[in-house]
Structures are given as C-alpha cells and as structure tokens.
Amino acid sequence: AILFLPSMVLRVLACGVAVLAAHEYLTVTQSKTSLPVLALVAAGCWLVPEWRGDLALRLMMFLAAWVALTVLWRGTSLQDAGVQAFAPLYIGLPLGMLLAVHIQTGARVTLLLIGTVVVSDSAQYYTGRMFGRHPLAPTISPKKTREGALGGVLFGTLFMVGIGRLFLGAPVATLALLGALIVAAG
C-alpha cells in the first residue's frame, strides 16, 4: 500500500486502520466504544498531514473540553472520558504523522521509519529472551526487560544508520540520533 497506492487512497486506508485500532484500544481499556470517538480518531489521522501553526494546541484544548463535557453532561466517568480523549492522540495522530511523512518524503523514507521500529521491536524481543534479567516495567509488561530495551535501541539505531545512509545520505551522527529518537518513540 505504501509503495503503490495513490496518496488519497492510502489516506483513506490509514483512517480505516485508525478506526479499527481505536475500536480495539477502547475494547482493551474496557471503555465504551462510541462513534464520536472513532470519528475523532479518523479525523485526527486525516487532518495531520494538513496541519499548520497552532493546531496541536487547538486539538489539546478540544480534547480537554471533550473530557469536561462528557463527564459533566453525559455522566461518563473521568477515567472513561480520559481513555476516550487519549485515543485520537495515541492512534489518530501517529498514523496521520506517518501519512505526512509519506506525502512529504515518499515511500522509501516511510518504509525506513517503519523498518526501524520493526527491527527495534524484534531486537527487543530476541535480546530480552536471550539476555533479559532485569524487568523494565513489571506492572505494565512483566516480560519486558532492560536488556531487551537496550538491544532494541542498539539494533534499531544501527538499522537506521545502515539503511538510512542508502536512503537519506545523511551523516552517521545525524542518523544515529534520528534512529535513537525513532526507537524511543516507537
């Protein structure tokens, strides 16, 4: 899809994926799935590539108002309202940012970004299984280890440096920093 679909079709596909992911997120968090939340996720995904100026601040203000109104008028618990308001930030914005990267830089850079996260995740799993002894965040994910996290940072950064040199031609230090930041965000 990233390589062959036109941008508009890829955008529609990404918004569909965002809605499905938001539905799963709301199910996992045991929050009520509502059409307005799913619409906000899709809208966030769709609008990110067009964002200019202070729209991030506007979104934060809108989501704060969303929480207040759903708690006060609809009787939603503060926890559910917070979970629902987080969905556009957690799902819609990152997918929209990936679309923006694709629109502005093309398929190769988009795949480099995704590849870096995939390599990091895979390396975290395998280095954690082989060398992991110290839990990273036992209450959130009991099997994740510090050693696995370090392996993910190392291999994800090395991937970005190695493949990034081919795709971007940037200096090694820049690619290493970019790789570490992408891995941390991933």
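As a starting point, this report considers the structure included with it. Quick caveat, the model's predicted, so the values are computed rather than measured. (Residues numbered from 1 in each chain as written. Predicted model: local features only at pLDDT ≥ 70, side-chain atom pairs only at ≥ 80, totals over all residues. Heavy atoms only, no water.)

In the structure shown here, the tally under the stated rule is 1 salt bridge. A salt bridge links glutamate 50 to arginine 11; the shortest N-O distance between them is 3.1 Å. Remark: arginine 11 occurs in helix H1 (residues 7–28) and glutamate 50 occurs in the loop between helix H2 (35–47) and helix H3 (55–72); sequence separation between them is 39 residues. Judged by relative accessible area, arginine 11 falls into the buried class, the value being 7%. (Salt bridge = Lys/Arg side-chain N within 4 Å of Asp/Glu carboxyl O. Helix = DSSP H or I, 4+ residues; strand = E, 2+ residues; numbered from the N terminus. Buried < 20%, exposed > 50% of the residue type's maximum accessible area, 1.4 Å probe, protein only.)

Turning our eyes to something else, we now look at the nonpolar core. Nonpolar side chains tend to gather and get buried jointly when the protein is soluble and globular. Within the largest apolar cluster, 25 residues are counted, with the highest numbers of intra-cluster contacts made by Tyr25, Leu26, Val41, Cys45, Trp66 and Ile91. Among the secondary structure elements, those contributing two or more residues to this core are H1, H2, H3 and helix H4 (78–105). Excluding residues within four positions of it along the chain, valine 41 makes contact with Ala18, Val19, Ala22, Ala87, Pro88, Ile91 and Gly92. With 6 residues, the next largest nonpolar core counts Leu112, Val161, Ala170 and Leu175 among its residues. (Core = buried A, V, L, I, M, F, W, Y, C linked by side-chain atoms within 4.5 Å. Contact = heavy atoms within 4.5 Å.)

Here helix H7 (residues 172–185) spans 20 Å end to end across 14 residues, near enough to the 20 Å set by a 1.5 Å rise per residue. Listing the buried residues of H7 in full gives Leu175, Gly179, Ile182 and Val183. Buried residues along H7 cover an arc of 100° about the axis, so they all sit on one side. In H7, the exposed positions angled more than 90 degrees off the buried face are occupied by Ala173, Leu177, Leu181, Ala184 and Ala185. In this structure, the buried side of H7 is in contact with helix H5 (107–131) and helix H6 (146–167). (Expected span 1.5 Å × (residues − 1). Arc of directions from axis to C-beta.)

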